Amino acid sequence: MSELGRRCLLSMIGASLVVGAGQSGNAAALSAVRKESREPYEDKVGALLARMTLEEKLGQLQHLAWAFDSNPGSGSTTEVERAARAGRVGSVQSIFGAKATNALQRLAVEESRLGIPLLFSLDIIHGFWTTFPIPLAQASSFDPDVPRSDAQVSAAEARSNGVHWTFAPMMDVTHEPRWGRIAEGNGEDPYLTARFAAAKVKGYQGSNLASKATLAACAKHFVAYGGAEGGRDYNTVDVSESRLRNLYLPPFKAALDAGAATVMASFNTISGIPAHGNPHTLTDILKKEWAFGGVVISDWAGVQELIVHGFAEDGADAARLALNAGVDMEMVEGNLLTNGAALLRAGKITQQRIDDAVARVLRLKYSLGLFDDPYVEESTAIPGPTSAARAAARTAASRSMVLLKNDRDVLPLARSVGSVALVGPFADSTDLLGTWAVPAAAERFPAVRILDAVRKAAPAADVRHARGVDPEGEDTDGIEEAVAAAQSCDVTVVVVGEPATMSGEAAARSDLSLPGAQEKLIAAVARTGKPFVVVLVNGRPLTMGDWLDSAPAVLEAWHPGIEGGNAIADVLFGTVTPGGKLPVSFPRAVGQIPIHYNHESTGRPYKADDKFTSKYLDLPPTPQFPFGHGLTYTTFALGAPEADRTDITAAALHAGDSIEVTVPLCNTGSRTGDEVVQLYVHDVAAGIAQPVRRLRGFQRVTLAAGAATTVRFRLGAEDLGFWTNAPKGEFRIEPGRFDLYVGTSSAADSRLNVSIT
Ligand code: BGC
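Draft legend 1. Quick look at the domain arrangement of the chain. By the assigned domains, the chain splits into domain 1 (3-22 + 634-756), domain 2 (27-50 + 123-363) and domain 3 (409-592). On the side of domain 3, six residues touch domain 1, which itself brings nine residues to the contact. Surface buried jointly by domain 1 and domain 3 totals about 540 Å² across both partners, of which 44% is contributed by carbon and sulfur atoms. Inspection of the region where domain 1 meets domain 3 yields one salt bridge. Where domain 1 touches domain 3, the interface holds three residue pairs in polar contact (both at pLDDT 80 or more). Here the side of domain 1 that touches domain 3 gets five residues from one element, more than from any other, and that element is strand β22 (residues 673-683).

Right under this line is the structure:
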């Protein structure tokens, strides 16, 4: 350790840093604000409802799909145009462009009987023009400002192009790396996901949806979609009430407390009841317990699929079940529109429920200011990524990278390096955007290639490129050229991973290793005996073969978005010190799945020398890399954590009191860097077996070499209590001992105890 480091360790007291007390705090205040903000429109909503025919009401509950930026009259969208004129559609998706949206809006506003404006929506999951890193990558930043900046940039770009509503953020916690949609969420932890969901909602919605630089957010998919058995998309989820409430629901609660205007139902069943027909989740929890006043939209054909689930007899039955369960708006299929009147006549649905659903849609339109000004200014539509947006995407991408391994400090590379071989199928590729890039954005604004960025970052270096192998396919002919490049250069960067099409919706994999012959490429480079670095670009955790031992350094860059090349070069050359942490465990082998840090304790936890404990005979008990793992280019030391009190009453916690935990941190290395300090809680004995650890606080701290600080956390009711399996769930704080762990990954071993009396 340097002299600076020694001094820093001795001081260990520096300035203190305030760390959020979780997202619990002002939930009540926020929902009060939500209620108040609805009030100005209530009279108008009521007056409009009174003028609407049943058909016009059902029309508002219909959501149709467009053909992206095509204009009305192009031929492909005649049905939607007709519906707009007739008042038989409330909302249209996959449409953007100031001209196209204004033209379609004119049909609804000027030609339909009541002139009710349309809502325009689009899946803007990690960027509109400016594609940010995928959400799983963003979660690795452990910095809620990252999703916030993505959301703010997306909102300004999309709204100026006529879009009002995005189907994001996705907040499906999952323990399934096989599931392709893991790329769209924030990983395996409900607390991290909740913090990110709230930040993203606030980024999209700002403080005023009518501002013309904001988007209505959609908390999706409600709920437990990430529990899909076997990781196969759309698959069954059988979940207890306690797990539903402790694992899957918290991010939704946080998103709604942050003001999310809408919610989307999920494709899965929840303990046998499809989510689109589930009154317990959609009405009892969401609309009654949480008093959600916004719109619940179905997922694509999700109402129709109630028939395929074997839950509804036909379209009419599906419409009845969905509306009565709490779905307000039907995406694409017209079961409610077609059958609503007959269902009402037969007394199978009520006028009150229809009016409630329509009021929710109208309220959203009022809050977006659409009745005052339904159009956008065509001359000020943002035409593409601005330099500020690109800078935000570059920062987001570099903050999202995770240094998994760095033996002998191979990284960072010196800018003065003489020669670099850049090999692998993604080294000179634009396939870095990730799963939900808006198609027109991917076409017009492709990602910066790593090869170009490295040449720019080290202009004096001789940079040689060889593709080596394709992303998929077994052809190894190109490996020889890659090996020759590696042999002739001072250092090699091997860029391998998954094409974007391998993650996202309907992209489950049963084998999580690098596809095709990519591992063979790494092995061949390793055999040269020269130093090399592996950069991974992928949309999910991968299993790593023997190549992991042979690679001196591994940087997880995920699908990093439009500025991917530049951000990777920033980290490779040390302009940015990596500080991200894994938001999900990386398994050693597919057979270990599910493997996640927040598992419950068994009666026979793993013991190496005891056969009759919970384990596989042929694998160590731990993942390859645990949740929360990530290295930096400097070194940090954490001091012993302390709590301001060692016991507290449950009553005090319920009344809002909390425990403060502090821990000294110092940068003992020789360069500025980031550390993510993490606080985990374990309730030692409880009425329901508890996770061995639950993340309840994190803080990403930047410290100069030799600098020290004290990181502070607050633990309140939400952090120490849990939901039981009582028929409708019950939140409880049970007396007893709690272990608290503070560290720099979920394997943290710095422990202290507190008690609740
Ligand atoms: C996806 C949703 C998406 C919707 C609309 C569905 O297939 O599950 O996440 O928002 O399509 O495009």
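Draft legend 2. Region of interest: the nonpolar core. Grouped together as the largest cluster of nonpolar side chains are 104 residues, with contacts concentrated most on F222, L286, V535 and L572. When residues are assigned to domains, this core turns out to be shared by domain 2 (27-50 + 123-363) and domain 3 (409-592), each giving three or more. The contacts of F222, once residues within four sequence positions are left out, are L249, F252, V263, M264, A265, S266, A275, T281, L282, L286 and W290. Core analysis: the second largest hydrophobic core is formed by 39 residues, A183, V469, A482 and M544 among them.

Draft legend 3. Region of interest: the site of the ligand. Neighbouring the ligand are Q93, D123, F167, R181, K220, H221, M264, F267, D299, W300, M331 and E505. The separation between an oxygen atom of the ligand and a polar side-chain atom of K220 is 2.8 Å. A distance of 2.8 Å separates an oxygen atom of the ligand from a polar atom in the side chain of E505. When isolated, the ligand has an accessible area of 310 Å², and the protein chains bury 92% of it. When its residues are assigned to classes, the shell around the ligand shows five nonpolar, two polar and five charged.

Draft legend 4. Representation of the sheet that holds strand β20 (residues 647-648) within the structure. The five strands are arranged β20-β28-β27-β22-β23 in an open sheet whose pairing can be described as mixed. Strand pairing shows two members of the sheet lacking a second neighbour, β20 and β23 (694-703), which therefore form its edges. Both β22 and β23 contribute to a ladder of nine bridges, which runs antiparallel. Bridging from a neighbouring strand, Y680 pairs with L695 of β23.

Draft legend 5. Spotlight on the packing of aromatic side chains. Within the structure shown, the criterion is met by 20 aromatic pairs. For the ring pair F128 and W129, a centre distance of 4.6 Å and an interplane angle of 50° mean the geometry is tilted. Like W129, F128 is buried. Every member of this aromatic cluster is reached through a ring pair, and the members are F142, Y191, Y597, F627, Y680 and F698.

Draft legend 6. Local environment of empty space enclosed by the protein. Counted according to the given criterion, the structure contains five cavities of 30 Å³ or more. The space that makes up the largest cavity amounts to roughly 100 Å³. What lines the largest cavity is a set of 14 residues, and nearest its centre among them are Q60, G87, S112, G115 and I116. When contributions to the lining of the largest cavity are tallied by element, the ones reaching two or more residues are α3 (54-60) and α4 (78-86). Of the residues belonging to the lining of the largest cavity, the class tally is eight nonpolar, four polar and two charged. Estimated volume of the second largest cavity: approximately 90 Å³. Looking at the second largest cavity, it is lined by 13 residues, and the ones nearest its centre are P135, P169, M170, N186 and K200. Of all elements in the fold, only α6 (135-140) and α8 (190-205) reach the threshold of two or more residues within the lining of the second largest cavity. Examining the composition of the lining of the second largest cavity, we find that three residues originate from one element, α8, more than from any other. A class-by-class count of the residues in the lining of the second largest cavity yields eight nonpolar, three polar and two charged.

Draft legend 7. Fine view of the layout of surface pockets. Taken as a whole, the second largest pocket encloses approximately 860 Å³ of empty space. For the second largest pocket, the lining is made up of 26 residues, of which I595, H596, H599, P621 and T622 are closest to its centre. Looking at side-chain class alone, the lining of the second largest pocket contains 13 nonpolar, ten polar and three charged residues.

Draft legend 8. Highlighting the environment of K212. By the secondary structure assignment, K212 is in the loop between α8 and β6 (218-222). A relative accessible area of 34% means that K212 is categorised as partly exposed. Along the primary structure K212 and A158 are separated by 54 residues, whereas in three dimensions their C-alpha atoms are 9.5 Å apart. Of the polar contacts made by the side chain of K212, one reaches the backbone oxygen of Y375; its length is 2.6 Å.

Draft legend 9. A look at the packing of helix α7 (residues 145-160) against helix α16 (residues 387-399). Running from N to C, α7 and α16 point in directions that differ by 155°, and their axes come no closer than 10 Å. If you check the angle between α7 and α16, you find them roughly antiparallel. Crossing angle aside, the handedness with which α7 passes α16 is left-handed. In this structure, α7 uses V146, V153 and E157 to contact α16, whose residues at the interface are A389, A392, A396 and R399.

About the cut-offs
Residues numbered from 1 in each chain as written. Predicted model: local features only at pLDDT ≥ 70, side-chain atom pairs only at ≥ 80, totals over all residues. Heavy atoms only, no water. Domains from an automatic or database assignment. Contact = heavy atoms within 4.5 Å. Buried area = accessible area lost by both parts, 1.4 Å probe. Salt bridge = Lys/Arg side-chain N within 4 Å of Asp/Glu carboxyl O. Polar contact = N/O pair within 3.5 Å; in protein donor to acceptor, adjacent residues only side chain to side chain. Helix = DSSP H or I, 4+ residues; strand = E, 2+ residues; numbered from the N terminus. Core = buried A, V, L, I, M, F, W, Y, C linked by side-chain atoms within 4.5 Å. Buried < 20%, exposed > 50% of the residue type's maximum accessible area, 1.4 Å probe, protein only. Near = heavy atom within 4 Å. Areas by Shrake-Rupley, 256 points an atom, 1.4 Å probe, with all protein chains shown as cover. Nonpolar A, V, L, I, M, F, W, Y, C, P; charged D, E, K, R; others polar. Pairing = 2+ DSSP bridges. Phe/Tyr/Trp six-rings, centres within 6.5 Å; stacked < 30°, edge-to-face > 60°. 1 Å grid on protein atoms, 1.4 Å probe; cavity = no way out; pocket = protein on both sides within 12 Å on 5 of 7 lines; lining within 4 Å. Points joined across faces, edges and corners; volume = space filled by probe spheres on them. Axes fitted to C-alpha atoms, helices over the stretch in contact; angles between N-to-C directions. Parallel < 35°, antiparallel > 145°, perpendicular 65-115°, else oblique. Left-handed = near helix turned anticlockwise from the far one by under 90°.

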